[in-house]
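Residue-level structural notes
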Amino acid sequence: MQITRRDFVRIGAGGITVSLLCGDLLKADPAVEGGPPRMLVVLQMTGGNDALNTFIPYTDSIYRSVRPTLAIADKDILKVSDRIGFNPALGPLVPLYQGGKFTFVNNCGFPSLDRSHFRCRDVWQTGIELPGPAPRGTRGWLGRYADLYLGEGATAVTTFAVDGRAPVGLVSDSIAGTTITGPDAFATSTDLVVDPDDPDRDRYKSALLEIYGQQRSSTTLELVRTRGIAAFQAVDLFKRLGPQSLNAYPTTSLGKSLELVARIAAAGIGTALIWISLEGFDTHGLQPQTQTNLLGDIAGSLAAFQQDITTRGLSRNLLVLGWSEFGRRIAENGFRGTEHGKAGSVFLLGDNVKGGVYYGGQPDLSHPDDGDVPTQIDFRSVYWTIIQDWFQRDPLPVLSKPYENLGFLQHASGRVRLVRH
Amino acid sequence: MAFVWNEETAAHLYRRAAFGGTSDEIRRAVTEGRDATVDRLLLYTYTPDDALDARIAAQHFYLASDGTLADLARWFLLHMMFTQRPLQERMTLLWHDHFATLYSKVLNIFWLKNENGVLRAYALGKFRDLMTAIAKDNAMEYFLDQWMSTRTQPNENFGREFCELFTLGLGNYVEADVKAAVMAFTGWSIEGTLSTFLFNADQHDYSQKTFLGQTGPWDGEDVIRIACSQFGHAQRIASKVFSYFAYDNPEQEVIDRFARIYLDHDTDVAALVRAILTSDEMYSSKALWTKVKSPIDHAVMATRQLLLHDDVSSTFQYLVQGGQTPFDPPDVSGWQGGTNWISPGALLNRMNLADSIARAFDPLAFTDGESIHGADDLIDVYLRKLGPLAIPAATRATLSSYVGSGTVSISRQKGLARMILSLPEWQLY
């Protein structure tokens, strides 16, 4: 195996000792002192969400003419502006949009968009237009951000993902991060289980922890060993999760994941970057039912999340960014589905969002790019805006060249508490 | 370093090609020699697998369309854990990843079981035949929406992944080739009542198409033939199979050498695998103990090497939490693999599966026939039978201190097995 940069993991707490499992890491954690950090929650809509049926350009006659079976009936569209309406499944987000906490950016893409799920996903996650899939070890845009601005003193939960794959977006040189495959993964396995009838339980745990404190000579073994230490650290930190929510989330994977995010935020364990992926947006056929379910899940879960973190007094610390690797073709494909397309839309939710209006303009359906929505906004402008206005950091070292600030976030008001410098 | 065939290299071959060997298997392999062992693994049809068939029959699995994913996953796992033809199952697992279909979309256990049967039947045959059989397979046709693709309303999902993932890879084709492949496959569909392939001639596009520079009235079998004759395709398959058995990120020269062997043998996977398993690279320091076990590797190898009589009931849940649910990878590109299997959450998960495995484990059967005169001998035997594993002196000292001196109780022997399964070293293979 080739050892790559991200395999070199630094664990902030230093050497591991037997006391780790019962030790109190938080008292030694400077991130907790002085208030909670600003967190970014990234929601990946895997498969290519059909943006045109999400934020609908309902006044454009082309929309209706090329989507005879997929166009949403005019009476059902939630008309939040005089030119764009929400998919009916997004009902719970309408008050958040009108209340100025939710917005979206249309026509996002990049010059070399090629309709490949995997390459486009890697481009969005790295912010780099590589010719093919990202080689193993390529850092993500948030990984580079973390290396520059969060690296020293990071813990196993500084970055956290609920994803079937370890997201490229979080790959960093300095932070191992914690990935779980579903919201219940840590819930059922939050400790090192040893047969309760084993009289050697404590002796066993001590020996195992001792072994994970012993250095290895190969880089791969060192990677395994340090991730093991991170696992023991995460076990300790996750014992401190905030209480369950008082309000009801949808009982979906996304609903449970977002409740976990709220509890992580409430725990104040120094988590700064969270990545959640939701599969199923690749709607080549029978799109309406699939997309309605997915968008309904997103809207219901986000509304519950926003209410929960507001109740917990944490809403000023959280920003949600939703994105998808591409939009879909303007015309439907004949089986109530859509093919891979080009530009799509991202959305944002949070107290600091300047919502109630949208960004990126109208999809230009009369000048299609080979049948697809043409790109008008480079998606890296979204990242630029977030790093500049949410994290209040210089985006240039992360993104290598300047992009436009799209203005969808309020500039800092009052004291902003950032994660370690 | 010159190649030496001994217990260590034989165990390496068995870990990579056969889900790990028992002491008896390694001893036999050392005696037979490398090439004879590789041939025996490859020519698996000469090895009867009656005990596996009987074991599976005795389970009375219900694997009709409305069966459960847990049962289907267990059905596949039992194959990997208890087969006498481990290389066939190794390759079935590779193709299961390469031709990923998702239960969460297909929702038909019968189709997914049939697809797994296709992968097993063609595991070491000609790739072109495997590709053709998979393109006609119900689960794949449904998963990538091929069944609905017609000449008037083509669906690009299958044709695009055929080019990008299954045969050529990005950079070896252009968008016009995708469109041509899509049209060539129009009319390939599903006969739902019988769950078989249906060629819907009325919906097939018979017109001239240009695919990868060749023009003709191509249908699906033509584009498969053309794609599978490309050197770029051969490089893709050679690189994938080589990485699976030997080491990740092979050198371009190595890829090209095995790609030529693959094409010279008309896409014969057995010829490719034989060349890899008998190459110097396979037994080099770049290969030995450099790959990360996937959750399936971990569970299957522990079951085989610890001589368990049955699978551990928590295995399926462990695989779900570890991110390797059989028949339900994250998407059509399969599992990410490599060091991504070692996230903190996944590692804890492995340590906890090791607890269930240790409870089911019989230390007396495991050490039967070994000469053990003290705790040190015992640790040596365990490390040898589960490796041979090389561990740091400090770790060896911790194991000794855990095991203690004098007679080692059964429960502490189980603890030793469990601890070895939790070592950083055992997560590699």
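What you see is a predicted model; the values in this text were computed from it and never measured.

**Side note on the nonpolar core**
Soluble globular proteins tend to bury their nonpolar side chains together. All names here are of chain B. Ranked by internal contacts, the top residues of the largest apolar core, which has 158 residues, are F162, F211 and F245. Summarising the domain contributions, this core has at least three residues from each of domain 1 (7-42 + 230-283) and domain 2 (295-427). Those residues in contact with F211, other than ones at most four positions away along the chain, are F162, C163, L168, D177, A180, A181, W218, V223, I226 and A227.

**Some points on the packing of helix α5 (residues 201-212) of chain A against helix α22 (residues 393-403) of chain B**
Two elements in contact, α5(A) and α22(B), have axes whose closest approach is 9 Å; the angle formed by their N-to-C orientations is 175°. One finds that α5(A) runs roughly antiparallel with respect to α22(B). For the pair formed by α5(A) and α22(B), the contact residues are A:R203, A:Y204, A:A207, A:E210 and A:I211 on the first element and B:T395, B:T398, B:L399, B:S401, B:Y402 and B:V403 on the second. For the contact of α5(A) with α22(B), the class distribution of residues is 6 nonpolar, 3 polar and 2 charged.

**Focus on the domain arrangement of chain B**
Residue and element names in this part refer to chain B. The domains assigned to chain B are domain 1 (7-42 + 230-283) and domain 2 (295-427). One C-alpha centre belongs to domain 1, the other to domain 2, and the line joining them spans 25 Å. Across the contact, 11 residues belong to domain 1 and 11 residues belong to domain 2. Here domain 1 meets domain 2 over a buried area of about 940 Å², counting both sides, of which 53% is carbon and sulfur. Considering only the surface of domain 1 that becomes buried against domain 2, R15, F19 and S23 emerge as the three largest contributors, covering 48% of it. Counting across the interface, domain 1 meets domain 2 through 3 residue pairs in polar contact (both at pLDDT 80 or more). Among the elements of the structure, α1 (7-18) and α2 (23-32) are those that each provide at least two residues to the side of domain 1 that touches domain 2. Among the elements that make up the side of domain 1 that touches domain 2, the one with the highest residue count is α1 (5 residues). Of the residues belonging to the side of domain 1 that touches domain 2, the class tally is 3 nonpolar, 4 polar and 4 charged.

**A word on the interface of chain B and chain A**
Each partner contributes to the interface: chain B provides 68 residues, whereas chain A provides 69 residues. Regarding the contact of chain B and chain A, the summed buried area is about 5,500 Å², with carbon and sulfur atoms giving 54% of it. On the surface where chain B and chain A come into contact, there are 5 salt bridges. Here A:D200 and B:R412 are joined by a salt bridge, their closest N and O atoms 2.6 Å apart. Listed by contribution, the elements that provide at least two residues to the side of chain B that touches chain A are α11 (157-167), α12 (175-184), α18 (315-322), α19 (344-360), α22 and α23 (410-422) of chain B. When residues of the side of chain B that touches chain A are assigned to their parent elements, the largest contribution, 9 residues, is made by α19(B). Partitioning the side of chain B that touches chain A into residue classes produces 24 nonpolar, 28 polar and 16 charged.

**Topic: the sheet that holds strand β4 (residues 102-109) of chain A**
All names here are of chain A. Pairing is mixed in the open sheet, where 8 strands are placed in the order β6-β5-β7-β1-β8-β9-β4-β10. Whereas interior strands pair on both sides, the edge strands pair on one side only; in this sheet they are β6 (178-180) and β10 (377-378). As defined by bridge partners, strand β5 (residues 159-162) adjoins strand β7 (residues 273-278) across 4 bridges and the pair is classed as parallel. Along β7, the bridge assignment pairs V162 with I276.

**Here's the deal with helix α3 (residues 117-126) of chain A**
Burial within α3(A) is extensive, with 10 of its 10 residues counted as buried. Residues of α3(A) that are buried include every one of A:H117, A:F118, A:R119, A:C120, A:R121, A:D122, A:V123, A:W124, A:Q125 and A:T126, and no others.

**Regarding the state of the cysteines**
Counted according to the given criterion, the structure contains 0 disulfides over all chains. This cysteine, A:C108, is not joined by any disulfide, and A:C120 carries the nearest cysteine sulfur, 14 Å off. Counting only cysteine sulfurs, B:C163 is the nearest neighbor of B:C228, a cysteine outside any disulfide, at a range of 11 Å. The class for B:C228 is buried, based on a relative accessible area of 3%.

**Comments concerning the pairing of β4(A)**
Residue and element names in this part refer to chain A. In terms of burial, β4 is largely enclosed, as 8 of its 8 residues are buried. The pairing of β4 with strand β9 (residues 344-349) spans 5 bridges and is antiparallel. Looking at β9, one finds that C108 is bridged to G344. Relative to β10, β4 runs parallel, the two being bridged by 2 bridges. In the sheet register, G109 faces β10, and the bridge partner there is D378.

**Topic: the confidence of the model for chain A**
Residues and elements named next belong to chain A. Per-residue confidence for chain A averages 86 on the pLDDT scale, and 88% of its residues sit at or above 70. Here residues 1-34 is a poorly scored stretch, pLDDT under 50, and it has 83 contacts once near neighbours within four places are set aside; other chains count. In the predicted structure, residues 413-421 sits below a pLDDT of 50 and forms 33 contacts with residues beyond four places in sequence or in another chain.

**A look at the pattern of salt bridges**
Tallying each qualifying case throughout the model produces 51 salt bridges over all chains. Measuring nitrogen to oxygen at the nearest pair gives 2.8 Å for the salt bridge that ties B:R160 to B:E156. For the residue pair B:R160 and B:E156, the accessibility class agrees, reading buried in each case. When salt bridges with common partners are traced through the structure, they connect A:R115, A:R329, A:D370, A:D372, B:E156, B:R160, B:E175 and B:K179 into a single cluster.

**With respect to unusual backbone geometry**
Residues and elements named next belong to chain B. For the peptide bond that leads from G387 to P388, omega is 5°, which places it in the cis range. Along the chain, P388 falls in the loop between α21 (375-385) and α22. One non-glycine residue, N249, lies in positive phi territory at about 50°. Within the secondary structure, N249 sits in the loop between α14 (231-245) and α15 (252-264).

**Some details on the packing of aromatic side chains**
Scanning all chains against the criterion turns up 42 aromatic pairs over all chains. Ring centres of A:F379 and A:Y383 lie 5.3 Å apart, and the angle between their planes is 90°; on these two criteria the pair is classed as edge-to-face. Within this pair, A:F379 and its partner A:Y383 are both found in helix α9 (residues 379-390), separated by 4 residues, close to a single helical turn. A ring pair is formed by B:F3 and B:W5, whose centres lie 6.3 Å apart and whose planes are at 40°; its orientation type is tilted. The ring of B:F3 is capped by B:R34, whose NZ or CZ atom sits 4.5 Å from the centre of that ring.

Cut-offs used in this document
- Numbers given for residues are sequential positions, taken from 1 along each chain in its written order.
- All chains are assigned letters beginning at A, and all ligands numbers beginning at 1, according to the order in which they are written.
- Given that this is a predicted model, residues contribute local features only at a pLDDT of at least 70 and side-chain atom pairs are listed and counted only at 80 or more, while totals for whole chains, interfaces and linings are drawn from all residues.
- As a convention, hydrogens and water are excluded, and side-chain values are obtained from all of the structure's heavy atoms.
- Put simply, buried Ala, Val, Leu, Ile, Met, Phe, Trp, Tyr and Cys residues joined by side-chain atoms within 4.5 Å make one nonpolar core.
- Three exposure classes are used, based on accessible area relative to the maximum for each residue type with a 1.4 Å probe and protein chains only: buried under 20%, partly exposed in between, and exposed over 50%.
- What counts as a domain boundary in this text is fixed by an automatic or database domain assignment.
- The contact rule is simple, with two residues in contact once any of their heavy atoms fall within 4.5 Å.
- Here an angle of 0 to 180 degrees is reported between the N-to-C directions of two axes, which are lines fitted to C-alpha atoms, with helices fitted over the stretch in contact.
- Per the convention used, a helix needs a DSSP run of H or I reaching at least four residues, while a strand needs a run of E reaching at least two, with both numbered from the N terminus.
- With respect to orientation, any angle under 35 degrees is reported as roughly parallel, any angle over 145 as roughly antiparallel, any angle of 65 to 115 as roughly perpendicular, and every other angle as oblique.
- Here the nonpolar group is Ala, Val, Leu, Ile, Met, Phe, Trp, Tyr, Cys and Pro; Asp, Glu, Lys and Arg are the charged ones; every other residue, Gly included, is treated as polar.
- Buried area is a sum: the accessible area each of two parts loses on coming together, probed at 1.4 Å, counted once for each and added.
- Under this definition, polar contacts are N or O atom pairs within 3.5 Å; protein pairs additionally need one hydrogen-donor-capable and one acceptor-capable atom, and for neighbouring residues in sequence, both atoms have to be side-chain atoms.
- Each reported salt bridge corresponds to a side-chain nitrogen of Lys or Arg within 4 Å of a carboxyl oxygen of Asp or Glu.
- Paired strands are those between which DSSP finds at least two bridges.
- Pairs of cysteine sulfur atoms within 2.5 Å are what we label disulfides.
- Per-residue confidence from the predictor is reported as pLDDT, a score between 0 and 100.
- Only Phe, Tyr and Trp rings are paired, with Trp represented by its six-membered ring, and only when their centres lie within 6.5 Å; those with planes under 30 degrees apart are stacked, over 60 edge-to-face, the remainder tilted.
- Any Lys NZ or Arg CZ that is within 6 Å of a ring centre and within 35 degrees of that ring's normal is treated as a charge sitting over the ring.

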